[in-house]
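Inside the fold
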Amino acid sequence: MFYNRGAMKFHSLGDVIERDALKVAALLFFIAATLVMLFPLSAQSVDHVPDLEDPLENAWVLAWDAHQLLNDPLALYDANIFYPYANSLAFSESQLASAVAGMPIYLLSNNPILAYNFVYLLSFVLCGFNTFLLAYDVTRNHWGALLAGFAFAFWPYRMEHLSHINLVTLQWLPLVLLSFRGALVSPRGAMPILFALTFTLQALSSWYAALMTSFGVGLYALYFFTAHRRPDRVRVARLALAAAVSLAVVITIAIPYFQLSGELNLARSPRDTEMFSATPLNFISVAHNNNFYQNILPHDTAEPLFPGALVLGLAVVGALPSLKIRDGRFWLLLIFAFAILALGPSLRYAPDQPPLPLPYRVLYDYFPGVKGTRAPARFFAVGMLGLTIVAAAGVARLGEKRATKSNLIGAAALLVLAFEYNGLPIKSTTVATGAQVPRVYAWLAQQPSGNFIEFPLERGGVVAFTRPMYYSTYHWHKTPLGYASFVPQTMLDLVNALDNDSDSANARLVNLLREFRIVYLLLHRRPIAPEQLADIESNLRQDSAFHLAYDDDIDRVYTLQGNAPPHPLSLAFLAPSTAPSGGVYQPFVVVQQPRHYPIVNDDLRPHNVSAIWRNGTVEIARQQFQIKLPRVLRDRAEGIPLTLRAPDEQGSYQLELRLDAVQLEPINQKAQVRVERQLLATAPLELISVKIPNPRIVAGDQLLATFFWRKTMEIDRNYEVRLALVDQSGRVLTQVTEHPLLLYTYPTLTWQNNELVALDYTLPVPHDASSGEYHLVIQLIDPRGTPTSFISPDGKTGAEYNTGAIVISAH
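This section reports on the structure supplied with the text. (Residues numbered from 1 in each chain as written. Predicted model: local features only at pLDDT ≥ 70, side-chain atom pairs only at ≥ 80, totals over all residues. Heavy atoms only, no water.)

Some details on a nonpolar patch on the surface
Among the surface-exposed residues, V24, L27, L28, I31, L35 and V36 lie close enough to one another that they form a single nonpolar patch of about 490 Å² accessible area. Of the residues examined, L27 reaches a relative accessible area of 31% and is grouped as partly exposed. (Patch = residues over 30% accessible without salt bridge, like charges linked within 9 Å, V, L, I, M, F, W, Y side chains within 5 Å. Areas by Shrake-Rupley, 256 points an atom, 1.4 Å probe, with all protein chains shown as cover. Salt bridge = Lys/Arg side-chain N within 4 Å of Asp/Glu carboxyl O. Buried < 20%, exposed > 50% of the residue type's maximum accessible area, 1.4 Å probe, protein only.)

A short note on the pattern of salt bridges
Pairs may arise between side chains of opposite charge once their charged atoms sit close together. As enumerated under the stated definition, the model contains 27 salt bridges in all. With a closest N to O distance of 2.5 Å, R181 and D137 form a salt bridge. In this pair, R181 is assigned in helix α9 (residues 173-185) and D137 in helix α5 (residues 112-139), connecting sequence segments 44 residues apart. In this structure D137 comes out as buried when scored by relative accessible area, which is 2%. The residue R517 makes a salt bridge to D602 at a minimum N-O spacing of 3.4 Å. You can see R517 sitting in the loop between α22 (507-515) and β6 (518-524) and its partner D602 sitting in the loop between β13 (599-600) and β14 (607-615), a full 85 residues away along the chain. Residue R517 is classed as partly exposed on the basis of its relative accessible area, which comes to 36%. (Helix = DSSP H or I, 4+ residues; strand = E, 2+ residues; numbered from the N terminus.)

Structural notes on the packing of α5 against α9
With their axes 8 Å apart at the nearest point, α5 and α9 run at an angle of 35 degrees to one another. Viewed along their axes, α5 and α9 form a crossing whose handedness is left-handed. Residue-level inspection shows N130, T131, L133, L134, D137 and V138 of α5 in contact with α9, the latter providing P174, L175, L178 and R181. Among the residues making up the contact of α5 with α9, the classes are represented as six nonpolar, two polar and two charged. (Axes fitted to C-alpha atoms, helices over the stretch in contact; angles between N-to-C directions. Left-handed = near helix turned anticlockwise from the far one by under 90°. Contact = heavy atoms within 4.5 Å. Nonpolar A, V, L, I, M, F, W, Y, C, P; charged D, E, K, R; others polar.)

So, the environment of I113
Within the secondary structure layout, I113 lies in helix α5. Residues I113 and P641, 528 residues apart in the sequence, show an inter-C-alpha distance of 43 Å. When near neighbours in sequence (up to four residues on either side) are disregarded, I113 contacts S45, V46, D47, H48, V49, L56, A59, V431, T433 and Y470.

Any link to function would need more than the numbers given here.
Laid out in structure tokens, this is it:
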């Protein structure tokens, strides 16, 4: 049956989802199609996943949600990774709707992998079936609706992202659009309820899905109120109430994300989004495992957006003006709008031309949560849904008026599409479950609560973090490590510190482990070379702090008791030398701890800060703030930015900061600030201050200096710093060029906006250096070795900066 070409006529909810034979057959079809298109993974659900990275993390997420919802739902986000951070589940997607769907399987089987695969396979079934319902409501053609459901469910882009369950669980999106549209034209009250339910489920499946679904709904609302006259106010009021309830639920669940993001400045930079934006080439690229196009079209291992030749051809037929479908212009608008969003913040149409700004940049700047997403290309999933609806209309047009012809065309199209989308066999890998799980984790489950860590650490390997996360579902002890969409930079510092000290038991290693409340140290013996294992175990046995508590053929567990040594904090402040008159000015409260490794900060109370501007002895303005110190402090100075308003009048001012009524000492030059006209960032990095503890050194010693940097604008490369000690005639005595890294983990490309980056540099002075006065010359070097401009501590922009006098005396 094909939809009447006449005026729009709404079909009731029962007409859309009635359980007649055809709809039951459609559901069975998508179950069978999922089992076939995902074979052999679909037959290995008990103990196989696509790979051991994101799937293990996502299996952990679903298991944690189920565990916590039953035991302590109010502490859902206090997950057992990234100790001591609160709301650590919010470093990644909580996937709450998926967790609820998989919870019965998890509780019955105690198998996180089986629960993960159930949710995973179910998403394909429901993506297909729910798209079928939407397409049938639009076209009134069963074959077209089947093809639309198959195309959306098994689109090669989704097959490329088999490891990312948060990107494939889009099954509620078709019903969101179906019910939202229905709620605006139906007199019945069920549609607003269905909209609120499905929107909530989709938003709680994935943050990407929440955003793209919101934009899709917003686009339809804009279209509807533009294309249709006099909307029924009662229906609009019902829908608005349902939407408000749904948004209230979603925002409540999202609060920990906004709290964590505010605490740690978690956001993707515009450069990140540019890197993961679609290009025109993406729209003709296919998944690497696509058998049909592998020798025809380019491959893309991240964002292969090609919808298939058949879908494109049918969509062209469906878009012909002689065929009218419900809201036909909207589906075309949906395709176009989300293709534009997929292109990201800008489009560079010629290498020598400035990029063309696109609408995504407006969403990035002003829409809550968009800065937390990295890949705009993924937004085309909504455009693909629109494309499948128009393709369904094409099937309806080709088979119009003749049932036999329609059946032949529809069946043939499905067969061609299955052949075109074929990616068999689906690759997978085995995961230990049930009796195959190492015995040590069952032992850990019986032990008192205490943080754990696993050795050896595999540097650069995601599996080194996802595997312990997965196995922690069998005991739920906490750990300072983990893997997520965002990883706290302090965890990378901790990994490097552990890696540097794990080969020998020493006071530094013991204190570092005690800082993070480590009680159980799991030593996996099989992956370690015998000689390295012997050294590690010999050192552990020699240190009385470690006690062997568990031993089998594969694993050993050493326990560690005791407290870390005290670490009193020192506080100061740092003031950039210039400020725009009447504009935003951002100094830093600087916190330093005495240890040479990351520490857990126990001072989490709010502190009152007073910022006082003085002109000579006259107080010009005073501003009040509350701040909290970071939960984890690196082995370098940490900066807490303050947002002040600079004085309106130009001139030289002194800035004074008081923390809890105690005046803080300035790091740089008595905090003199020069207020000028509106300042614009003129260089990518600003060197706020250079601190040289001892400018008088002896030949043969080392010159120590701390540089305080911050990023002033988006950058697209990593820079190095060149330090040269020169005499009065300009002759270079000694020099060094280094990446401004922290433990080799923090290149300039990863610096956050307005983050204070304090770096220590060491410059060796030759033994035969002549006595006299020297200067330290600082240059910023680009990847080609060319000096580039930066903002110096005096507020000027140039290619180098000279510090004050350095006095060297001979032996």
